[in-house]
Amino acid sequence: MLAAAELPAPAILVLEQSDERGPFDTDVVAGLRTTINTRPIGPVTIYVENLNLDRFAGAAYERSLQGHLLVKYEDRPIALIIALGPMALEYVSRWHALLWPKAPVVFGLVDEQTATRLANNIQDSTGRTLQLSFADMITAARSIVPGLGEVAILGDPLDKQPLFKHFADQKLPKLMGLNVIDLTGMPMNDLLARVAVLPSDSAILFTSIKSDGSGTFYAPVDAFSFIAAKANRPIIVAVETFVGRGGTGGFVVIPFRVGAEVAQLALEVLNGKSISNIPISKSNATKFIFDSGELQRWNVDNSLLPRESEIRFNTPTLWKQYWWQITLVGMVIVFQATLIAGVLIEHRRRRVAELQARQQILEIAHMNRHATAGELSATITHELFQPLTAILSNAEAAELIVNSPSPDIAEIRNIVADIKRDDRRAAGIITRMRDLLKKDTTKTQEIDLNETLAEVFSLLLPQAVACNVSFVTKLSPERPRVIGDRVQLQQVILNLVANSLDAFEEVIGGQRQVTGYTIQFGDNRVHVCITDTGPGILNSKLCKIFESFYTTKKTGMGMGLSISPKIIESHGGQIRAANRPGGGAEFRFSLPLAPETRE
Ligand code: ADP
């Protein structure tokens, strides 16, 4: 004898009457497999055959099926047959003795009548019977439509639907005082038109549609979807799979449970229990189930639903489900928004402050130039007098020559040329002063630093002469150019040179010289350097001189050097002060060269 482990796994053949692989049948088989697979003493092979009997019938088809199954399972001993549906059981009752004479039969999804009639024909058989009732459907319909007056019955002709066969006798609804609108066996198009205009006190009782009055076959779930899309009244359904697909609900068959119940019986038989000791029993695979969305749609008072009803898809609102996550996210968003707003306000404030500061620098720079001009005014007046006096005396000389009996034209021409030259000189002085005193409007342009430096030296030359200081300029032959504001850079140089001149005020004798350099380095920068041979700056004060209002002069303002770093930095440069080893001060600033002049 073989040990249990060496015995081949027993095989179950499941015969489904339909050919549908719709959700209902899938769930039945899933329930069946899940339960069979719990068998503790080892695996079981499960074969599933869809006999397609609700679409194809007749002796010839049955014979062809028989031949097919005979050949297919010739070498596969079948330990047990499961017949699902009354037609499948009919088939088994006819062919069992020939095909599987020794295999016991367990059935499910069969109405009581068919079960009792056929079970006697099959030697070893048992199963679960299912009876749907009109009363349960009407109970469901009444709870959905409290003033229910009419019921529209939909489906294949009732006498062709074993599970609903007894519905054909419509006494019950009538007894319950309801008007029956019989829409069974209609062509789909007519049906769709009718379900859209049902009376307002009606509900639809949906049985099952596998083929319509025009002979078209449907997967029941598809037929149901068409109806649900058009129906103007709630639909009471009889199977769980229509709830959630547009069915309002009802006392429904739960396919997974159907499969599980049948499988349970099969396991008992496989485990050795005598089938004659297992009586046919009623299925418990039914329950009142409703779709919460549909209940809301029809304004149903849930307290009117049958007791122990299950309400499906009652998805709580997002807020109920995720309130703390939403609160948290909300708080984070508010926090972030506040932060961003704060940063933006701060950014704006800074910009305003920067603009104000810049404006102030410009104002101060302007004041500073006025002060410089004030200091220079005596010298400038003196400077202007020279060309003006020369013009006057030349004009008087010309007048004398013109009034003479034989005027010397060549001489007059020379005098006029002198007048023009002196006039230009005076005009040049005035233009330079006007440029310097112009109110600032920042104007970025390319600047030749050699020119700018030379201009400052020439502007201050009269003062230098008055102070007995000599000016020297050593300009870079590369003519360094920078991008920036000409007036502002000129002002920095002017302050530095004017300071150097001032430094000689207390000094008597010695070398008195101020030198201006422009030096172009290979680092794409130009250095401007103003040195003097004056007394220099106290080392301890070297860092103080750039502070605002620091001055050692009686009439000084202490503003010139404090604005210089700001101007130079805004041009991308730096300024430094130092004492020269041989005496005197040195101020040096560097600026980036204009791009096209770079090496
Ligand atoms: P102000 O010229 O009104 O005093 P500045 O800011 O231009 O204001 O100069 C600040 C101070 O720096 C001067 O008062 C002076 O003491 C010192 N200083 C600037 N340049 C020189 C220099 N070339 N030699 C000596 N001291 C200088």
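Residues numbered from 1 in each chain as written. Predicted model: local features only at pLDDT ≥ 70, side-chain atom pairs only at ≥ 80, totals over all residues. Heavy atoms only, no water.

*Asks:* What's the story with the site of the ligand in this structure? I'm lost.
*Replies:* Among the 19 residues in the neighbourhood of the ligand, the closest are listed as Thr 551, Thr 552, Lys 553, Met 557 and Leu 561. Between an oxygen atom of the ligand and a side-chain N or O atom of Thr 552, the distance comes to 2.4 Å. In the complex, 91% of the free accessible area of the ligand, which totals 540 Å², lies under the protein chains. Elements with a minimum of two residues in the shell around the ligand: helix 14 (486-503), helix 15 (560-570) and strand 20 (585-592). (Near = heavy atom within 4 Å. Polar contact = N/O pair within 3.5 Å; in protein donor to acceptor, adjacent residues only side chain to side chain. Areas by Shrake-Rupley, 256 points an atom, 1.4 Å probe, with all protein chains shown as cover. Helix = DSSP H or I, 4+ residues; strand = E, 2+ residues; numbered from the N terminus.)

*Asks:* Any chance you could explain helix 4 (residues 112-119) here in plain terms?
*Replies:* Given 3.6 residues per helical turn, the α-helix brings residues three or four places apart onto the same face. Of all the residues in helix 4, the buried ones are Thr 114, Ala 115, Leu 118 and Ala 119. Viewed end-on, helix 4 has its buried residues packed into an arc of 110°, placing them on one side of the element. Every exposed residue of helix 4 that faces more than 90 degrees away from the buried side is listed here: Gln 113 and Thr 116. Those residues of helix 4 hidden inside the fold are in contact with helix 3 (86-99), strand 4 (105-110) and strand 5 (125-129). (Buried < 20%, exposed > 50% of the residue type's maximum accessible area, 1.4 Å probe, protein only. Arc of directions from axis to C-beta. Contact = heavy atoms within 4.5 Å.)

*Asks:* Whenever I open this one, the side chain of Thr 184 confuses me. Can you help?
*Replies:* The topology assignment puts Thr 184 in strand 7 (residues 179-184). Within the local environment of Thr 184, its side chain forms a polar contact with the side chain of Asp 182, the two groups lying 2.6 Å apart. Sequence-distant contacts of Thr 184, defined by excluding residues within four places in its chain, comprise Ile 153, Leu 154, Gly 155, Asp 156, Pro 157 and Leu 158.

*Asks:* Help me understand the nonpolar core, please; the structure alone is not making it clear to me.
*Replies:* The nonpolar side chains of a soluble globular protein tend to be buried with one another. If you look at the biggest cluster of nonpolar residues, it comprises 81 residues, and the most contacted ones within it are Ile 82 and Ile 227. Among the elements that line this core, the one with the most residues is helix 9 (residues 255-270), at 8 residues. Each of domain 1 (4-129) and domain 2 (134-253 + 285-317) gives at least three residues to this core. Here Ile 82 is in contact with Ile 12, Leu 13, Val 14, Leu 15, Leu 32, Val 106, Val 262 and Ala 266, once residues within four sequence places are set aside. With 39 residues, the next largest nonpolar core counts Phe 471, Ile 493, Ile 530 and Ile 575 among its residues. (Core = buried A, V, L, I, M, F, W, Y, C linked by side-chain atoms within 4.5 Å. Domains from an automatic or database assignment.)

*Asks:* I keep staring at unusual backbone geometry and nothing clicks. Help me out?
*Replies:* In terms of backbone geometry, most residues other than glycine have negative phi values and most peptide bonds are trans. Unusually for a residue other than glycine, Leu 109 sits at a positive phi of about 60°. We classify Leu 109 as buried; its relative accessible area is 15%.

*Asks:* How should helix 8 (residues 220-230) be read in this particular structure?
*Replies:* For helix 8, the complete set of buried residues consists of Pro 220, Val 221, Ala 223, Phe 224, Ile 227 and Ala 228. When helix 8 is viewed along its axis, its buried side chains cluster within an angular range of 160° and face the same direction. The elements touched by buried residues of helix 8 are helix 1 (23-36), strand 6 (150-155), helix 7 (188-195), strand 8 (202-206) and strand 9 (235-236).

*Asks:* I tried to follow a nonpolar patch on the surface on my own but got confused; where do I start?
*Replies:* A cluster of nonpolar side chains, Leu 318, Trp 319, Tyr 322, Trp 323, Trp 324, Ile 326, Leu 328 and Val 332, forms an exposed patch at the surface whose accessible area comes to about 880 Å². Inspection of the secondary structure puts Trp 324 in helix 11 (residues 318-403). (Patch = residues over 30% accessible without salt bridge, like charges linked within 9 Å, V, L, I, M, F, W, Y side chains within 5 Å. Salt bridge = Lys/Arg side-chain N within 4 Å of Asp/Glu carboxyl O.)

*Asks:* Is there a simple way to think about the packing of helix 3 against helix 4 in this case?
*Replies:* Each pair of packed helices gets described by two things: the angle between the helix axes and the distance between those axes. Relative to each other, helix 3 and helix 4 sit at 10°, their axes nearing to 10 Å. In this view, helix 3 runs roughly parallel relative to helix 4, as classed from their interaxial angle. Here Pro 86, Leu 89, Glu 90 and Ser 93 of helix 3 lie close against helix 4, whose contacting residues are Thr 114, Ala 115, Arg 117 and Leu 118. A per-class count over the contact of helix 3 with helix 4 returns 4 nonpolar, 2 polar and 2 charged. (Axes fitted to C-alpha atoms, helices over the stretch in contact; angles between N-to-C directions. Parallel < 35°, antiparallel > 145°, perpendicular 65-115°, else oblique. Nonpolar A, V, L, I, M, F, W, Y, C, P; charged D, E, K, R; others polar.)

*Asks:* I would appreciate a short explanation of the side chain of Glu 49 in the present structure.
*Replies:* Mapped onto the elements of the fold, Glu 49 is located in strand 2 (residues 45-50). With relative accessibility at 8%, the residue Glu 49 sits in the buried group. There is a polar contact of 2.5 Å between the side chain of Glu 49 and the side chain of Lys 72. If we skip the residues at most four places from it in the chain, Glu 49 touches Leu 13, Val 14, Leu 15, Glu 16, His 68, Leu 69, Lys 72 and Tyr 73.

*Asks:* How should the sheet that holds strand 3 (residues 80-84) be read in this particular structure?
*Replies:* Strand order in the open sheet formed by 6 strands is 2-1-3-4-5-11, with parallel pairing between adjacent strands. If you trace the sheet from one side to the other, it starts and ends with strand 2 and strand 11 (281-282), each paired once. Here strand 1 (residues 11-16) runs beside strand 3; their pairing, made up of 5 bridges, is parallel. Note on strand 3: the bridge partner recorded for Leu 13 is Ile 81. Relative to the sheet, helix 4 contacts strand 4, strand 5 and strand 11, its axis offset from that of strand 4 by approximately 160°. Strands in contact with helix 9 are strand 1, strand 3, strand 4 and strand 5; relative to strand 4, the strand with the most contacts, it is inclined by about 165°. (Pairing = 2+ DSSP bridges.)

*Asks:* Before we go on, may I ask you to explain the pattern of salt bridges in this structure?
*Replies:* Opposite charge on two side chains permits pairing when their charged atoms draw close. Applying the stated rule across the entire model yields 23 salt bridges. Across the pair Arg 128 and Glu 261 runs a salt bridge whose closest N-O atoms are separated by 3.8 Å. Of this pair, Arg 128 sits in strand 5 while Glu 261 is found in helix 9, placing the two residues 133 residues apart along the sequence. We note that Arg 128, like Glu 261, is buried. Between Glu 310 and Arg 312 there is a salt bridge; the shortest N-O distance is 2.5 Å. Residue Glu 310 is classed as partly exposed on the basis of its relative accessible area of 25%. Among the charged side chains, a salt-bridge network with shared partners connects Glu 446, Asp 448, Glu 451, Arg 479 and Arg 481.

*Asks:* Sorry if this is basic, but what is going on with the domain arrangement of the chain here?
*Replies:* How big an interface is tends to be reported as the loss of accessible area on association of its parts. Assigned domains within the chain: domain 1 (4-129), domain 2 (134-253 + 285-317), domain 3 (318-441) and domain 4 (443-599). In this structure, domain 2 and domain 4 have C-alpha centres spaced 99 Å apart.

*Asks:* Explain the sheet that holds strand 20 to me, please; I cannot follow it from the model alone.
*Replies:* Within a sheet, adjacent strands bond to each other through the backbone by hydrogen bonds, running parallel or antiparallel. Strand order in the open sheet formed by 5 strands is 15-17-18-20-19, with mixed pairing between adjacent strands. Because the sheet does not close on itself, it has two edges, and the strands there are strand 15 (470-474) and strand 19 (574-579). Adjacent strand axes in the sheet meet at a mean angle of 15° when their direction is disregarded.

*Asks:* Teacher, can you tell me more about the packing of helix 2 (residues 59-72) against helix 3 here?
*Replies:* For the pair helix 2 and helix 3, interaxial distance at closest approach is 11 Å and the crossing angle is 40°. As judged from the angle between their axes, helix 2 and helix 3 are oblique. Crossing angle aside, the handedness with which helix 2 passes helix 3 is right-handed. Residues Glu 62, Arg 63, Leu 65, Gln 66, Leu 69 and Leu 70 of helix 2 pack against Tyr 91, Arg 94, Trp 95, Leu 98 and Leu 99 of helix 3. Its residues placed into classes, the contact of helix 2 with helix 3 shows 7 nonpolar, 1 polar and 3 charged. (Left-handed = near helix turned anticlockwise from the far one by under 90°.)

*Asks:* Honestly, the pairing of strand 10 (residues 249-253) in this entry has me stumped. Any pointers?
*Replies:* For a regular strand, the rule is simple: side chains alternate between the two faces of the sheet. Most of strand 10 is tucked away, with 4 of its 5 residues classed as buried. In terms of strand pairing, strand 10 meets strand 12 (residues 286-291) through 5 bridges, oriented antiparallel. The partner of Val 252 across the bridge, within strand 12, is Lys 287.

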